[in-house]
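Listed below are the residues making up each chain.
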Amino acid sequence: MSIQLFVPKFRVDECLNEVKECLEKGWTGLGYKTVEIEEEWKKYTGLEHAHFISSATAGLHLALYVLRKRYGWSDGDEVISTSLTFVSTNHAIKYCNLMPVFADVDDHLCLDPIDVEKKIGANTRAIIFVGIAGNTGQFNKIVELCRKHNLKLVLDAAHMAGTRLEGKHVGPGADATVFSFQAVKNLPTADSGMICFAEREDDEVVRKLTWLGINKDTFSRTVGKGAYKWKYDVEDIGFKYHGNSIMASLALVGLKYLDNDNAYRRQLASWYRHGLASVSGVDLIPIAPDCESSTHLFQILVEERDRVIMALNDHEIYPGVHYTDNTVYEMYSYDGCENSRSRSFSDKLLSLPMHLGVTKKDVDSIVEVVGMYGNK
Ligand SMILES: Cc1ncc(COP(=O)(O)O)c(C=O)c1O
């Protein structure tokens, strides 16, 4: 039996029951279950605002769009980011005609506050912090830097559903936090996510923006009475980025299991760590102190990564790579980072299978193959 990198687990009967309700009610779009998941997410995270959206990519775009508009940033203003991320993070900066400036990463593979501070200049407006794999890295230091230099902070929490820092769900400290509930994330749907602004005003703005700038959604126009229910205004050129009730149904079921599922992921990570601790040529990524990581990924750094991948594939084990340093790509090659840690990590990173179907026996076989290779 092959061991894949990701296999999402859906509680099928419960999901079907939720979806059935939508179909029977004749309401699959914005509203109804999307309202329910927003309420449940707020309860779960303790965050004050939450808006259910079509993806984290859309959410990152919206976060910068809203902040840019509110604070009057100009074209070409700079946002400090990491190049060791999925391209969505940096595309979002570009969507807003802002400029990604790359700072290097620390041992957690998250932004290094020392390098970030060096990159802050007159045109810096914001920082995007990516909690890669669910790790909080030195997030609190980045929050301090933002306060000191009067910068806005966006947390790309695509990997962080269920991550807690100092006992609290991540989000506090950021102006906007964006979660992904994409098909293989810890809270899988097919495609959806959540954007959580710190400020009520931003939350109100984003709700209109995700529905084309229209100031009254169809759900609120459907519920209740009134001769002018059909009437709305268009306050902005918004986007079609809101979530829908089918995705929300899947998220509502997944949320009930998220903490248990993440606990199992941490168990897998601890088996991997134990097994790989003494393997030469393999470096483990430290989890930040006080971080209870969602453990979306289990990443290692390994020399001659491609040969290790082939060896694993020979045993029907299929790992992945998160991520190629974005400055390797044409779109981001302007910021030559050849000597950065991000670039050198990017050549060695390997993500080992991490999902609820992986067993202790699987971990042992994976460790054995990596170990055989590493000890050669
Ligand atoms: C770090 C990071 N940010 C953003 C995204 C985008 O998420 P979505 O697929 O929900 O748009 C991803 C998706 O893999 C990601 O890994």
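Let me sum up the structure you'll find in this document. Residue positions within a chain follow its written sequence, with the count starting from 1. Per-residue local features are limited, in this predicted model, to residues with pLDDT of at least 70; the limit for side-chain atom pairs, both in listing and counting, is 80 or more; totals at the level of whole chains, interfaces and linings are taken over all residues. For side-chain calculations, the full set of non-hydrogen atoms in the structure is used, while hydrogens and water are omitted.

### Comments concerning the sheet that holds strand β4 (residues 124-130)
Phase 1 of the analysis: Strand order in the open sheet made by the 7 strands is β1-β9-β8-β5-β4-β2-β3, with mixed pairing throughout. The sheet is open, and its two edges are formed by β1 (51-53) and β3 (99-102), each paired on a single side. Averaged over all neighbouring strand pairs, the angle between strand axes comes to 25 degrees, with direction disregarded.
Phase 2 of the analysis: Paired strands, in this sense, are two strands between which DSSP finds at least two bridges. In this text, helices come from DSSP runs of H or I with a minimum length of four residues, and strands from runs of E with a minimum of two, each type numbered from the N-terminal end. Direction of pairing for strand β8 (residues 176-180) relative to strand β9 (residues 193-197): antiparallel, over a ladder of 5 bridges. The residue of β9 that forms the bridge with Val178 is Ile195.
Phase 3 of the analysis: Along the sheet face, helix α4 (residues 87-95) touches β2 (78-81), β3, β4 and β5 (152-157) and points at about 140 degrees away from the line of β3.
Phase 4 of the analysis: Whether two residues touch is decided by their heavy atoms; if any such pair falls within 4.5 Å, the residues are in contact. To get an axis, fit a line to the C-alpha atoms, keeping to the stretch in contact for a helix; angles then go from 0 to 180 degrees between the N-to-C directions. Of the strands in this sheet, β4 and β5 touch helix α6 (residues 139-149), which is tilted by about 155 degrees from β5.

### So, the packing of helix α1 (residues 12-25) against helix α9 (residues 245-276)
Phase 1 of the analysis: Running from N to C, α1 and α9 cross one another at 150 degrees; their axes reach a closest spacing of 9 Å. For the element pair α1 and α9, the recorded crossing hand is right-handed. Contact residues: α1 offers Glu14, Cys15, Glu18, Val19, Cys22 and Leu23, while α9 offers Ser245, Ile246, Ser249, Leu250, Leu252, Val253, Lys256 and Tyr257.
Phase 2 of the analysis: Classes in brief: Ala, Val, Leu, Ile, Met, Phe, Trp, Tyr, Cys and Pro nonpolar; Asp, Glu, Lys and Arg charged; the others, Gly included, polar. Residues that form the contact of α1 with α9 fall into these classes: 9 nonpolar, 2 polar and 3 charged. Each crossing gets its hand from how the near helix is turned against the far one by less than a right angle, where anticlockwise is left-handed and clockwise is right-handed.

### Here we look at the pairing of strand β13 (residues 349-352)
Phase 1 of the analysis: Of the two faces of β13, the one carrying Leu349 and Ser351 and the one carrying Leu350 and Leu352 are both buried.
Phase 2 of the analysis: As paired elements, strand β12 (residues 298-302) and β13 share 4 bridges and run antiparallel to each other. Note on β13: the bridge partner recorded for Gln299 is Ser351. Categorising residues by exposure relies on relative accessible area from a 1.4 Å probe, with only protein chains included: less than 20% of the type maximum marks a residue as buried, more than 50% marks it as exposed, and the intermediate range marks it as partly exposed.

### Quick word on the environment of Val101
Phase 1 of the analysis: Mapped onto the secondary structure, Val101 falls in strand β3.
Phase 2 of the analysis: Beyond its immediate stretch of four places on either side in the chain, Val101 contacts Glu78, Val79, Ile80, Ser81, Lys119 and Asp335.

### Let's talk about empty space enclosed by the protein
Phase 1 of the analysis: Buriedness of a pocket was judged along seven lines, with at least five required to meet protein on both sides within 12 Å; pockets are open sets of points on a 1 Å grid over the protein atoms alone, cavities are sets where a 1.4 Å probe fits but cannot get out, and lining residues have an atom within 4 Å of a point. Grid points are joined across faces, edges and corners, and a volume is the space filled by probe spheres set on the points. Considering all chains together, one arrives at 1 cavity of 30 Å³ or more under this definition.
Phase 2 of the analysis: Its boundaries defined by the atoms lining it, the largest cavity holds a volume of some 170 Å³.
Phase 3 of the analysis: What lines the largest cavity is a set of 20 residues, and nearest its centre among them are Pro8, Lys9, Asn186, Pro188 and Asp261.
Phase 4 of the analysis: In terms of residue count, α9 provides more of the lining of the largest cavity than any other element does, 5 residues in total.

### A few points about the side chain of Lys33
Phase 1 of the analysis: When you line up the elements, Lys33 lands in helix α2 (residues 33-45).
Phase 2 of the analysis: Not counting the four nearest positions on each side in its chain, Lys33 is found in contact with Glu18, Glu21, Cys22, Ser245, Ala248, Ser249 and Leu252.

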